Structure formats: C-alpha cells, structure tokens
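Remarks on the overall topology
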Amino acid sequence: MTMKNGRVLMAPEFGGAVWKKSSHSGDSQGQCVECADVTQTHASIAVRDSKDPEGPALLFTPEAFSGFIAAVNRNGFDVL
C-alpha cells in the first residue's frame, strides 16, 4: 500500500484516473488488476484490485512499473 503523510492512499483519491483492467485478469479466479497512469498528479503508475475499487492502491515509479512489465513478459516470475 502507498502511504502519504502516514496514511494509506485509497484508489478514489486519484480523481480523474482512467483505470484499465489487465487483459490477463481472470474473471473466474478473482485475479483482477487495474492500472492507471497518474504521473501528472503523483509521478506514478497506480495499481489496484478491481474487485475493490474503493480500496487501497499501490504506486510505482514509471521505471519500476516498466521493469515489472518487462519481467512479466519474459516469464521472469514463477506463478502457481
């Protein structure tokens, strides 16, 4: 979770964010991830659980997020 001034940032605090659901999110197994580009307001990429749109969001620098996506694309993680 992302904290600002000692508190967790909740997804609704990213007003105007356009959330996009991952094309790899599965409907039947509860694996739902959404991302939003909030670089204009928070210099980050926000990630949330689409089943909990009012819940907490994680923030990643654009570089960290790009590195994560690159690792996923080259099968850099063991997923059960």
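A short tour of the structure in this document, coming up. All values reported here derive from a predicted model rather than from experimental measurement.

1. Details of the overall build of the protein
The helix and strand tally for the protein stands at 2 helices and 6 strands. Along the chain direction, N to C, the helices and strands of the protein fall in the order β-β-β-β-α-β-β-α. By residue count, 26% of the 80 residues in the protein fall in the buried class. If you take every contact in the protein between residues at least 6 apart in sequence, the share linking residues at least 24 apart comes to 30%. Split by element, the accessible area of the protein, about 5,700 Å² in all, is 55% carbon and sulfur.

2. So, the sheet that holds strand β5 (residues 44-49)
Taken in spatial order, the 4 strands line up as β3-β4-β5-β6 in an open sheet, and their pairing is antiparallel. Of all the strands in the sheet, just β3 (20-21) and β6 (57-60) have a single pairing partner and so form its edges. Bridge count between strand β4 (residues 33-38) and β5: 6 bridges; the pairing is antiparallel. Among the inter-strand pairings, Ala36 is bridged to a residue of β5, identified as Ala46. Packed onto the sheet, helix α2 (residues 62-73) meets β4, β5 and β6 and runs at close to 55° relative to β5.

3. A short note on α2
Over its 12 residues, α2 runs 16 Å from end to end, which matches the ideal 16 Å to within 8%, given 1.5 Å per residue. In the segment just after α2, Asn75 is the residue with positive phi, at about 55°.

4. Observations concerning the pairing of β4
Side chains of β4 alternate between two faces, with Glu34, Ala36 and Val38 buried and Val33, Cys35 and Asp37 left unburied. Pairing between β3 and β4: 2 bridges, direction antiparallel. Note that in β4 the partner of Lys21 across the bridge is Glu34.

The rules we used
- Residues numbered from 1 in each chain as written.
- Predicted model: local features only at pLDDT ≥ 70, side-chain atom pairs only at ≥ 80, totals over all residues.
- Heavy atoms only, no water.
- Helix = DSSP H or I, 4+ residues; strand = E, 2+ residues; numbered from the N terminus.
- Buried < 20%, exposed > 50% of the residue type's maximum accessible area, 1.4 Å probe, protein only.
- Contact = heavy atoms within 4.5 Å.
- Areas by Shrake-Rupley, 256 points an atom, 1.4 Å probe, with all protein chains shown as cover.
- Pairing = 2+ DSSP bridges.
- Axes fitted to C-alpha atoms, helices over the stretch in contact; angles between N-to-C directions.
- Expected span 1.5 Å × (residues − 1).

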